[in-house]
Structure formats: C-alpha cells, structure tokens
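Letter by letter, the chains look like this.
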Amino acid sequence: MGLLTMNTSRRITFLFGFVMFLMLTIPDRAVSAEEAVNKPPMLHAQQCYWALDPSPETLEPQKNLEAVKNLSFTPIDKKALANLENLLPGKRGYIWIRGEFPSLEVFSTKPLGLFLGRVTMTDQTWVNGIFVGSTGRNPPNYFSYWNTSREYAIPPEAIELHKPITVTMRIWVDGEGSLASRPFIGFREDTAHANRWENFWNSTVNLMFAAIMLIISLYHFILYYRRKKDKENFSFALLNLLSVFYLSNFFITELPGMPPAWLSYLSFQKFINLVLFFMLFKLSGFVRDYLRKTDPSWIFWARVVLFAIPVGIILLSPSYASLRELRLVTQLFLLPPLSYVLYIPVSSFLKKDPDALPLLLGFSPLVLTALLDIFLHEVLKLYNFPYITGFGWQIVLISFLFLLAGRFARARNEAEDLNLHLEQKVKERTEELFQANQQLQQVNSALEEANYRAKRDLKMAEFVQKSFYPAFLPPLEGWDVAYAFEPMAGVSGDLYDFYIDENRLLGAGLFDVSGHGIASGLVAMLAKSVVYRQFKDGKDIPLGEVMKRIDEKLISEKGNIENYLTGILLRFTDDRVEYVNAGHPDLLYRSGRTGAVKAVESRQGESRGRFIGLEGLSEGYRSLRFPIHSGDTLLVYSDCLVEAKNAEGVEFGNERLKETLSRAPAKDGAAAVRDYILGQFKTFLAGEEPRDDLTILVMIKG
C-alpha cells in the first residue's frame, strides 16, 4: 500500500508540473531572423476612454457608430477595464470603450489584425470608423462569449500612415463586463496566433479534458453495470459527467451550432451553478463509497438541506446580475460539504485506513491551483492569465482514476494469486479447520461436563428445597387449606409455610425472593427458617414487630447477597386475622355470605410496607386486624399470578383475578377454588409459559 501511495503521489506531481511547464515555457511561435529585423513593433493603446450608451437597443453597426458622435468620452484607467459593470447605473446596459493607438509609421503589404482577447459580455468593434466584427449574441436573448478571444482583420482602407488609430467598441454589460486581455494591432499572422494561443488555453484545453472525462465516465458506468457492488465506480462516472457539463462553460461557444438560439445566458449560468453543487454533493458520495463508509441519517439530511438552499436561491434568481451578486452567499454553502469531504479521508487516515492517504494526496492539485489562482488574479491582478483551478480539478479526477485503477489491479492480482495457489490455500484452510474442529470438540466436551454438573447440582438443590416444604397438610381445626407450588426452573425463589400447633392453624406466610435460579432458592431456604423461628418466638408481640425482626435477622444472616424479599404473614386467633404485607401483592378476601371479593387494605391509606432484607430502611411494618366468618376465603399468591402475559402481551391482572375468585366454587372446598383459579389462569395464557415462580395459598374458614 505504501508503494501505491508513493506512485500515486509521483504521478500527480508529474502531471501538475508538466501542465505548468507547458503554460509557462512554450514560446508563442518561432520567429525568423528576417521577420525580427523587418517587423514593426506591435501597437498598444496609449489611452482608453469610456462613455455610457443611452440606447438600450441593438442596432445595425453603422447606426450604432453614428450614435457615438453625440457622446462625451471620459478617460478610463486600464485597471478599471476589468470591471466595467461598476461604471453603469444598475450594472446593466451598453457601454462604449475607445482606445487610442499610435500611428503606423512603416508601410507593409502584410494584412493587419486587431487582437482584443477576452471581452465580457458581447462586443461590436470599429477601427477608424470601419466595422471590423462582433462576437456574442446581443439582447434581448443575449449570450455572453466571455471565454472566447476576439481577433478581427483590419481592412487596408481603415489605416493611414502617420495617423493615430482609433478602436471603438460597444460592449453589453449585465452584472459583469470586462476587457481582460491587453489589445494590440499587428500583422494578422501575429494577432491570429495570439488569438489561437489564448483560445487554446481558455477553451480548447478544457474541451480536450471534457472529452477525456466523457470517455472515463462511460467506462466507469460500464464497470458499475458489470459489478454493482463497487459503488465508487458509479459515483466516479457521475462525477466525471458532471465535470463535463461544468467545463462546457469554458468551451460551449466553440462547438458547432452552440449555443442554440433558444438558450439564454441566464438559464445556462443557472445550469452551470447547479452543476457545481451537484458535483460537490457527488464528490462526498465518491469519497464515502471509495472508503466504504456510510453516512448517519442526520448527516445525509444535513447535506440535502445544505444542497437544497443554494439550489433554491439559484433557481429563483430573476437576472444574471442578481445571480452574480448572490454568488458569494451561495458559495458559502460550499464550505460545509467541502469540509465534510476532507473530514472523511482525514478521519479514516487517523484510523489507519491505508486507502485514505492516497485519496488526500489526490486532492492536493486542486488546493494548490486554487491558491495560485487567488494569488495571480486577486493579489497580482493578472486578469489576462487563464484560470488554472479547472486544470487542478482535472488532475484530481485523473488521480482518482489512478486510485480506482490501482484498486482494480490489486483485486485482479489477488484473484490471480488465489487461482495460482488455490490448492495450497485449500489444504492450509482444511488443516486450520481441522485444528479448529478439534479445539471445538474439546470445548464441547468441557461444556457438556459442566452442563451435566450444573443439572446435577440443580436437581440436588431442587430435592433439598422440596424437603423443606410439607408433602401434605394434616386435617386442621376450623380451616380448609389448599396450595399450589410451581417453580419456573426447578429451584424456586418463592417460599411458603403453614404454622401449625397439633391440629390448630396458627398462621401462614408467603414470600418471594428477587431474582431466579439457585441463588434465589438458597436465600428462600434461609428465609424460611428465619421466618419460622421469628413467628414462633413472637407469638406474644404484634405481627408487625415480628416482620421487623425477620427483616433485621435476614439482613444479618445473608450478608452481602443483594437479593431482597416481598411477603405476607398471617396470624389466626379465634375468629380474627392479623395481617402484615411487606411490599407483596394484596391479600384477597372473599365473603362467604355475599361472594364479594376485595383486597384487604387499611382505612388510613397504604397498607403495604417496605421490602425485606434491604439495609438502611428504618420504617417499620403495619399490622392489620379484621374478623373472619365461616365460609370466608383468603387468597395469598405470588406476583406471577397477576403479571403473567398471554401471546398478545396482556397481563392476567388484579381485576381478572378478583373476578375469577368471586366465581370459584368455594362450597366445594379450598382445593376446588385452587383448581378453578389455575384452570382460568392457564386458559388465559393459551400455551404461553409463565416467566416466574407461581405459588397460591387458598384458606377457607370452616
């Protein structure tokens, strides 16, 4: 890659240097010794004058010349000839320029010519009152031949020896007007040669580059058609095609039959300005495609907005003068996309992308020629020197062509190398796959062993946990009790217990440990013993105080384990129930007389206390007491019962549970109520598995 970068840099430097060498060192033409002795000096204007033309009409040359007799001419500085629009009110209209040339002192049979160079926008020209020619299409549907050099033959009758020569021009100005070159009168062969030379650099070179770009564009369109994966070929083809359109601004008047009569200069310049923004928009696309980058959506839309605003300004410009005045505004919108175009390869270069440096070097001719144009035309005021930024852009496109060709060559070399060494590579790859397969088998064996141990440990934990719970309940005095205990994955984080003295039911509890798996199951077993001891030891103190002691004991015994618990603790004395809730779903109560179901709550507000096992929470627990009558039902359950969802994502929910409990056949006993609730629950889920442990306690007062 380093060699490719060096070669690309050398090619770009050589091309740029070669073009500059041609521009600065090729002589105008060889001059024989005889001509050097006998040739009279070229005649340059000694003084120039200007005058406003009050007539907005385009007249016949003779009538135009008659109108000039009544005008008052004013001397004009030669530097002001580069900006004639500043002399006209509104910067639009006809202006007369008159140049006074010295007399011809030596008679020659050779024909004479007048070289004017580039004139903006159109001109009609007379020498000593004789019309010698015009260039450009005048209003109303004018078209500026701004980049076409003017050179006219001077009739012999227009020149008298020893008398000054007057050259008069009528120039159309609209937003801009200039006489950029240094006019002179000389032998026709010299003026024609100067004209060809200036047209060559201003127009013909751009036409040749445009032809090359058109061929390059077609070639890369074909490449993209054959391989659409390489999007950079399409971007580069479109970039070249747009460059051809843009360069047409320099040579359109040199093409046969161009410009057409229906095409106005304003419409053409709008098109050229739009093409410039399209080129820049597509340039960022090419750079992105070449480096295999993608834009975030917000960057793409920001680029679209920065493209749409100047396009709208250009399209809505009512005249060429306004279009030119707004050029500075529209060109400011070139800066963000230009910065982004440079940012892409710079950021890729910093990320060690080997394709980024050649791309950055490819942009260097454009930067150098743009700086040189600014220095020559704005600092040194050399308006007759051709603009070379276009050449810089053409060299950039050629450097991009080399980059794409280099990438294509690398791909072909890699393909050929792969074909030549395919058998060896297949053998090496097969050996690598065999070794990888051996390692994979070893890893699979280790995983199977670990999985076997995990399943064994899980079954052992499940067996130990089940041994903590009663296999069945004895007949209880005054209560009918049923329960359901369905762990999600063998070991449950739910724990329940019934506190029985002989055949008397003293209380019941249901707790839910946060999390799942073996860790939650171990905490559940630890908590079960803690709850049991504190319930037994606290029979003479309020149940809220018992829950507080359970909380403190769990915090002490589980240490740094992060699991916490929610739970409900019930204590039964005669015909009353004492109830404490620690952040758990509500206790449901069903009246045996009316069948109405409600949550047991305090009249003073929230009856749920804080979670159990979280250190730093000083708030205690509130116990509630309420009477219970024969036939009344209590339902305690874990949150899985109300939070489980069906295939549509709908929860079973508190209201549906209350409605189910109200319809349950309580007269058939606690087991019938339990089975009815579970049946309705599973019917609602319709095959969806719960994602949590499920525990239900049903207690009916006898």
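Our structure is the block above this text.
Residues numbered from 1 in each chain as written. Predicted model: local features only at pLDDT ≥ 70, side-chain atom pairs only at ≥ 80, totals over all residues. Heavy atoms only, no water.

1. What about the overall build of the protein?
Here comes step 1: Scanning the protein from N- to C-terminus turns up 18 helices and 21 strands.
Here comes step 2: In the protein, of all internal contacts separated by at least 6 residues, the share reaching a separation of at least 24 is 76%.
Here comes step 3: Just so you have it, the protein exposes about 36700 Å², and 59% of that area is on carbon and sulfur atoms. (Helix = DSSP H or I, 4+ residues; strand = E, 2+ residues; numbered from the N terminus. Contact = heavy atoms within 4.5 Å. Areas by Shrake-Rupley, 256 points an atom, 1.4 Å probe, with all protein chains shown as cover.)

2. Topic: the pattern of salt bridges
Here comes step 1: The full count for this structure, using the stated rule, is 30 salt bridges.
Here comes step 2: When the shortest N-O distance is used, the salt bridge between Glu578 and Arg571 registers 2.9 Å.
Here comes step 3: A relative accessible area of 7% means that Glu578 is categorised as buried.
Here comes step 4: The residue Glu655 makes a salt bridge to Lys658 at a minimum N-O spacing of 3.9 Å. Here the residue Glu655 and the residue Lys658 both occupy positions in helix H17 (residues 654–663), the gap between them amounting to three residues, near one helical turn.
Here comes step 5: On the basis of relative accessibility, which here comes to 57%, the residue Glu655 falls in the exposed class.
Here comes step 6: Among the charged side chains, a network of salt bridges with common partners joins Arg227, Asp230, Glu232, Arg292, Asp355, Arg407 and Arg410. (Salt bridge = Lys/Arg side-chain N within 4 Å of Asp/Glu carboxyl O. Buried < 20%, exposed > 50% of the residue type's maximum accessible area, 1.4 Å probe, protein only.)

3. Thoughts on the packing of aromatic side chains
Here comes step 1: For the structure shown, the criterion picks out 37 aromatic pairs.
Here comes step 2: For the ring pair Phe143 and Tyr145, a centre distance of 6.4 Å and an interplane angle of 85° mean the geometry is edge-to-face.
Here comes step 3: Since its relative accessible area comes to 18%, Tyr145 is described here as buried.
Here comes step 4: Between Tyr589 and Phe626 the ring centres are 6.1 Å apart and the planes differ by 80°, which places this aromatic pair in the edge-to-face class. One end of the pair, Tyr589, is in strand E17 (residues 588–590); the other, Phe626, is in strand E19 (residues 623–627), and 37 residues separate them in sequence. Accessibility classification places Tyr589 together with Phe626 in one group, the buried group.
Here comes step 5: Connected via pairs of aromatic rings, a cluster forms that spans Tyr94, Tyr142, Phe143, Tyr145, Trp172, Tyr265, Phe268 and Tyr320. (Phe/Tyr/Trp six-rings, centres within 6.5 Å; stacked < 30°, edge-to-face > 60°.)

4. A few points about a nonpolar patch on the surface
Here comes step 1: A grouping of Leu328, Leu332, Leu335 and Leu338 is seen on the molecular surface, where their side chains present a nonpolar patch of about 390 Å² in accessible area.
Here comes step 2: At the level of secondary structure, the elements contributing two or more residues to the nonpolar patch comprise helix H9 (327–332) and helix H10 (335–350).
Here comes step 3: Here Leu338 is to be found in helix H10. (Patch = residues over 30% accessible without salt bridge, like charges linked within 9 Å, V, L, I, M, F, W, Y side chains within 5 Å.)

5. Thoughts on the side chain of Ser399
Here comes step 1: Looking at the element boundaries, Ser399 is found in helix H12 (residues 389–420).
Here comes step 2: Of note is the side chain of Ser399, whose polar atom sits 2.5 Å from the backbone oxygen of Val396. (Polar contact = N/O pair within 3.5 Å; in protein donor to acceptor, adjacent residues only side chain to side chain.)

6. Focus on unusual backbone geometry
Here comes step 1: Here the amide bond leading from Pro139 into Pro140 is cis, since omega sits at 15°, within 30 degrees of zero.
Here comes step 2: In this structure, Pro259 follows Met258 across a cis peptide bond, with omega equal to -5°.
Here comes step 3: Mapping Pro259 onto the fold places it in the loop between helix H5 (231–251) and helix H6 (265–290).
Here comes step 4: With a phi angle near 55°, Asp574 is a residue other than glycine that sits in the positive phi range.
Here comes step 5: Considering the arrangement of structural elements, one finds Asp574 in the loop between strand E15 (565–573) and strand E16 (576–582).
Here comes step 6: Judged by relative accessible area, which is 72%, Asp574 ranks as exposed.

7. Quick word on the pairing of strand E2 (residues 47–52)
Here comes step 1: Direction of pairing for E2 relative to strand E4 (residues 92–101): antiparallel, over a ladder of six bridges. Considered in E4, the bridge of Cys48 is made with Gly99.
Here comes step 2: The pairing of E2 with strand E3 (residues 74–76) spans three bridges and is antiparallel. Each bridged residue has a counterpart across the sheet, and for Tyr49 the counterpart in E3 is Pro75. (Pairing = 2+ DSSP bridges.)

8. Here we look at the side chain of Glu232
Here comes step 1: Structurally, Glu232 is set in helix H5.
Here comes step 2: For Glu232, a relative accessible area of 3% puts it in the buried group.
Here comes step 3: Within the local environment of Glu232, its side chain forms a polar contact with the side chain of Arg292, the two groups lying 3.1 Å apart.
Here comes step 4: With residues near it in sequence (within four places) discarded, Glu232 still touches Phe286, Asp289, Tyr290, Arg292, Leu404 and Arg407.

9. Digging into H10
Here comes step 1: End to end, H10 covers 22 Å across 16 residues, agreeing with the expected 22 Å (1.5 Å per residue, within 8%).
Here comes step 2: Every buried residue belonging to H10 is among Tyr340, Val341, Ile344, Pro345, Ser347 and Ser348, and all of these are buried.
Here comes step 3: Looking at the residues trailing H10, positive phi occurs at Lys352, about 70°. (Expected span 1.5 Å × (residues − 1).)

10. Some thoughts on the packing of H5 against H12
Here comes step 1: For the pair H5 and H12, interaxial distance at closest approach is 12 Å and the crossing angle is 160°. By the angle class used here, H5 and H12 are roughly antiparallel. Both H5 and H12 take part in a crossing whose hand is left-handed. On H12, the residues that touch Glu232, Asn233, Phe236, Leu239, Asn240, Ser243 and Leu247 of H5 are Trp393, Gln394, Leu397, Phe400, Leu401, Leu404 and Arg407.
Here comes step 2: Considered class by class, the residues forming the contact of H5 with H12 number eight nonpolar, four polar and two charged. (Axes fitted to C-alpha atoms, helices over the stretch in contact; angles between N-to-C directions. Parallel < 35°, antiparallel > 145°, perpendicular 65-115°, else oblique. Left-handed = near helix turned anticlockwise from the far one by under 90°. Nonpolar A, V, L, I, M, F, W, Y, C, P; charged D, E, K, R; others polar.)

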